[in-house]
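Remarks on the overall topology
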Amino acid sequence: MIDKKQERLIEVEKINSTAFDRMKRAESRDNYYINKKLKKEVLVVDDPEKIKIINDFWDRYSFAYKNNPLTQIAFYNQSGVFDPSFVGFGQQVHSLVRFWNNETFAVFRNKNYSRLLFPFLKHPKCVVSCTYGNYFDEEYNILTKQQAVEKILKILKEKKELILKPALDSGSGQGIVFITANMPEKDINDYIDKMSPHFVCQEIVKNHESYKMGCDSLNTIRAITLFYKNKVNFVGALLRMSNGKKVDNWDAGGIICKIKPDGKLSDFAISGDGTRYTKHPNGFEFANHELYRIKDVFDMAIECHKRIPQQKYISWDFCVDDSGDIVFIEMNSPGGSELAGCLGINSYINKDIAKEIFDDNIFLLKANFDWNYREHADYVILLKYCGMESDKEKVIIPKEIDGKPVKFVSKSAFDK
């Protein structure tokens with residue numbers, strides 16, 4: 001039989017291995033971006049001093065995450081902007097998740113709830129939605145599956161084409177299907193079965209003239225906001241454009257262009273492999289092209305974020321339709337930091353703010369025999385006493401763990 005001491009040792013091993021698994025996942029994802037997604041020319045180091053500056057910034061976090069400086073070099077080579085605090089997507093998702101994420105996002109990320117969360121926005125017209133295997137019309141009236149299919153077929157006779165997409169974002173436009181009036185009913189049923197239990201079927205949205213860029217797809221605006229120090233901060237924005245496909249997603253071959261604070265496009269765009277374009281492959285020139293109502297979109301992103309401050313970092317997708325109305329597409333928490341970085345946008349505004357956030361939110365959840373604790377760059381927080389001493393008055397609070405001073409003891413450290 002395993003005694004309490006052995007049980008604790010097993011628990012300690014599990015906690016510590018989980019902490020380092022998270023670190024490895026972050027590192028692996030960022031190295032994948034460097035080694036698999038980018039062409040080699042983007043990784044050329046023109047100045048060794050830049051590597052030193054990057055390493056000097058990230059060394060304090062190496063206990064939890066070993067940054068590859070080629071991440072920041074790649075962003076510099078694509079955008080022309082050098083900043084050692086640019087963050088890779090692996091670090092964003094697997095480590096900084098503690099800062100920007102909240103369990104409520106499991107609901108918010110479902111596209112079928114967007115109309116309830118943001119009723120003041122215009123949304124793509126819903127034909128049918130499915131949540132947890134339950135079918136609804138636009139007014140959330142319950143339908144059977146057969147009624148849902150019949151409704152889709154009826155609308156198709158008028159609209160000729162609809163879009164069917166997963167309600168829980170799979171990323172990069174994966175799973176999106178365009179269904180047409182001449183498509184067999186069996187095929188539509190098959191697509192619905194494949195996407196269940198969460199999908200939404202919507203009418204097609206058409207771009208305002210200033211957003212078409214000669215593309216057939218719906219080109220969308222990605223606006224990024226950060227809730228920090230009790231304020232929603234606007235981080236930056238970019239335009240996602242198709243490069244010959246019906247979707248504008250970056251990982252599906254699309255290209256992205258920075259939108260400047262004055263609402264005009266920058267003079268270059270970037271593809272997923274790091275290729276830099278001074279004009280669209282179809283000939284459209286980006287430089288100083290003015291986007292209709294773009295500043296209203298920026299304001300809209302800020303207003304939306306105020307409703308859900310528990311989500312600290314959000315990438316909002318909007319479009320401006322052919323009627324000139326702003327249309328909400330979806331929210332991503334956090335969304336890909338690579339899209340911002342390659343255009344010279346710091347996901348955390350600037351190096352000083354990034355350091356403040358990283359110091360508080362890059363940490364490892366660890367354990368020794370007596371304590372569960374959180375290791376940060378400069379200090380340790382004791383979370384829970386797990387030792388054998390039954391009288392908490394006799395428990396000695398360590399001055400340091402792992403060579404770092406114990407700065408805080410959780411209020412619940414001695415709760416049973």
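Please refer to the structure higher up on the page.
Residues numbered from 1 in each chain as written. Predicted model: local features only at pLDDT ≥ 70, side-chain atom pairs only at ≥ 80, totals over all residues. Heavy atoms only, no water.

Here's the deal with the nonpolar core
Applicable threshold: By nonpolar core is meant a set of buried Ala, Val, Leu, Ile, Met, Phe, Trp, Tyr and Cys residues that side-chain atoms within 4.5 Å join together. Relative accessibility decides the category of a residue: with a 1.4 Å probe and only protein chains considered, values under 20% of the type maximum give buried, values over 50% give exposed, and everything between is partly exposed. In what follows, residue pairs with any heavy atoms lying within 4.5 Å of each other are defined as contacts.
Counting 47 residues, the largest nonpolar core has Trp58, Tyr348, Ile357 and Phe358 as the members making the most contacts within it. Setting aside anything within four residues of it in sequence, one finds Ile357 in contact with Leu96, Phe99, Leu226, Tyr228, Tyr348 and Ile362. Within the second largest apolar cluster, 34 residues are counted, among which are Met241, Leu265, Tyr277 and Phe318.

What to know about the pattern of salt bridges
A side chain with one charge may pair with a side chain of the opposite charge, provided their charged atoms come close. Definition in use: A pair is scored as a salt bridge if a Lys or Arg side-chain nitrogen falls within 4 Å of a carboxyl oxygen belonging to Asp or Glu. Working definition: helices are DSSP H or I runs of at least four residues, strands are E runs of at least two. Numbering for both runs from the N terminus.
Evaluation of the coordinates by the stated rule reveals 27 salt bridges. Among the salt bridges present, the one from Asp359 reaches Lys355, with a minimum N-O distance of 2.9 Å. One end of the pair, Asp359, and the other, Lys355, are both in helix α12 (residues 351–361), 4 residues apart, so they sit about a helical turn from each other. Asp359 sits in the buried class, given a relative accessible area of 14%.

Brief notes about the environment of Val81
Position of Val81 among the secondary structure elements: in the loop between α3 (70–79) and α4 (89–94). Setting aside chain neighbours within four positions, we find Val81 in contact with Phe75, Tyr76, Phe86 and Gly344.

Topic: helix α8 (residues 145–159)
Just so we agree on the cut-off: Expected span of a helix: the number of residues minus one, times 1.5 Å. Think of the arc as the fan of directions from the helix axis to the C-beta atoms.
When the terminal C-alpha atoms of α8 are compared, their 21 Å separation across 15 residues agrees well with the 21 Å that a helix rising 1.5 Å per residue should span. Considered for burial, the residues of α8 that qualify are Ala148, Val149, Ile152, Ile155 and Leu156. Angularly, the buried residues of α8 cover 130° about the axis, an arc narrow enough to put them on a single face. Counted as exposed and oriented over 90 degrees from the buried face of α8: Lys154, Lys157 and Glu158. Looking one or two places after α8, you find Lys160, whose phi comes out positive at around 75°.

Focus: the pairing of strand β10 (residues 265–271)
This is how it is decided: Strands are treated as partners if at least two bridges between them are detected by DSSP.
Most of β10 is tucked away, with 6 of its 7 residues classed as buried. Examined bridge by bridge, strand β9 (residues 255–259) and β10 share 4 bridges and lie antiparallel to one another. If you follow Ile259 over to β10, its bridge partner there is Leu265. Hairpin remark: β9 followed by β10, antiparallel, with 5 residues in the connecting loop; positive phi at Gly263, about 90°. Sheet topology note: the β10/strand β11 (residues 276–277) ladder contains 2 bridges and is antiparallel. Bridge pairing in β11 links Ala269 to Tyr277. Once β10 ends, the chain turns through 4 residues before running back antiparallel as β11, passing Gly274 with a positive phi of about 95°.

Remarks on the packing of aromatic side chains
For the record, the criterion: Here a Phe, Tyr or Trp ring, Trp counted by its six-membered ring, pairs with any other such ring whose centre lies within 6.5 Å, and the pair is stacked when the planes are under 30 degrees apart, edge-to-face when over 60, and tilted otherwise. For a ring to carry a charge above it, either NZ of a lysine or CZ of an arginine must fall within 6 Å of the ring centroid while also lying within 35 degrees of the normal to the ring plane.
Taken as a whole and assessed by the stated rule, the structure comprises 25 aromatic pairs. Judged by centre distance (6.2 Å) and plane angle (85°), the ring pair of Phe118 and Phe120 falls under edge-to-face. Connected via pairs of aromatic rings, a cluster forms that spans Phe57, Trp58, Tyr61, Tyr65, Tyr313, Tyr348 and Phe358. Against the face of Phe268 rests Arg276, its NZ or CZ located 3.7 Å from the ring centre.

Points about the sheet that holds strand β6 (residues 199–203)
Two orientations exist for strands paired in a sheet by backbone hydrogen bonds: parallel and antiparallel. Operational definition: For helices, the axis comes from a line fit to the C-alpha atoms of the stretch in contact; other axes are also lines fit to C-alpha atoms, and the angle between any two N-to-C directions lies between 0 and 180 degrees.
Reading across from one edge, β3-β2-β1-β6-β4-β5 is the order of the 6 strands in this open sheet, with antiparallel pairing throughout. Among the strands making up the open sheet, the edge pair consists of β3 (142–143) and β5 (177–180). Where strand β2 (residues 134–136) meets β3, 2 bridges bridge the pair, whose relative direction is antiparallel. When the bridges of β3 are listed, Tyr135 appears paired with Leu143. Helix α9 (residues 185–195) rests against β2, β4 (161–166), β5 and β6 of the sheet, and its axis sits at about 25° to β4.

So, the packing of helix α2 (residues 48–58) against α3
For the record, the criterion: Orientation categories follow fixed angle ranges, with anything under 35 degrees roughly parallel, anything over 145 roughly antiparallel, 65 to 115 roughly perpendicular, and all other angles oblique. Left-handed is the label given to a crossing in which the near helix is rotated counterclockwise from the far helix by less than a right angle, and right-handed is the label when the rotation is clockwise. Put simply, Ala, Val, Leu, Ile, Met, Phe, Trp, Tyr, Cys and Pro go in the nonpolar bin, Asp, Glu, Lys and Arg in the charged bin, and everything else, Gly too, in the polar bin.
The geometry of α2 relative to α3 is characterised by a closest axis approach of 10 Å and an angle of 130° between their N-to-C directions. In terms of their interaxial angle, α2 and α3 are classed as oblique. Crossing of α2 against α3: the hand is right-handed. Here Lys50, Ile51, Ile54 and Trp58 of α2 lie close against α3, whose contacting residues are Gln72, Ile73 and Tyr76. Classifying every residue of the contact of α2 with α3 by side-chain character gives 5 nonpolar, 1 polar and 1 charged.

What to know about the sheet that holds strand β16 (residues 380–385)
Judged by pairing direction, the sheet is mixed, and its 5 strands sit side by side in the order β14-β15-β16-β18-β17 without closing on themselves. Each having just a single partner strand, β14 (364–367) and β17 (400–401) make up the two edges of the open sheet. With 2 bridges connecting them, β17 and strand β18 (residues 404–409) associate as antiparallel partners. Looking across to β18, one finds that Glu400 is bridged to Pro405. Where helix α1 (residues 4–37) meets the sheet, its contacts fall on β14 and β15 (371–375), and the angle it forms with β14 comes to roughly 160°.

Let's talk about α9
Where α9 is concerned, the buried positions are Ile188, Asn189, Ile192 and Met195. On an axial view of α9, the arc spanned by its buried residues comes to 130°, and they lie on one face. Facing away from the buried side of α9, by more than 90 degrees, are the exposed residues Lys186 and Lys194. In this structure, the buried side of α9 is in contact with β2, α8, β4, β5 and β6.

Such coordinate-based values are descriptive only and should not be taken to indicate function.
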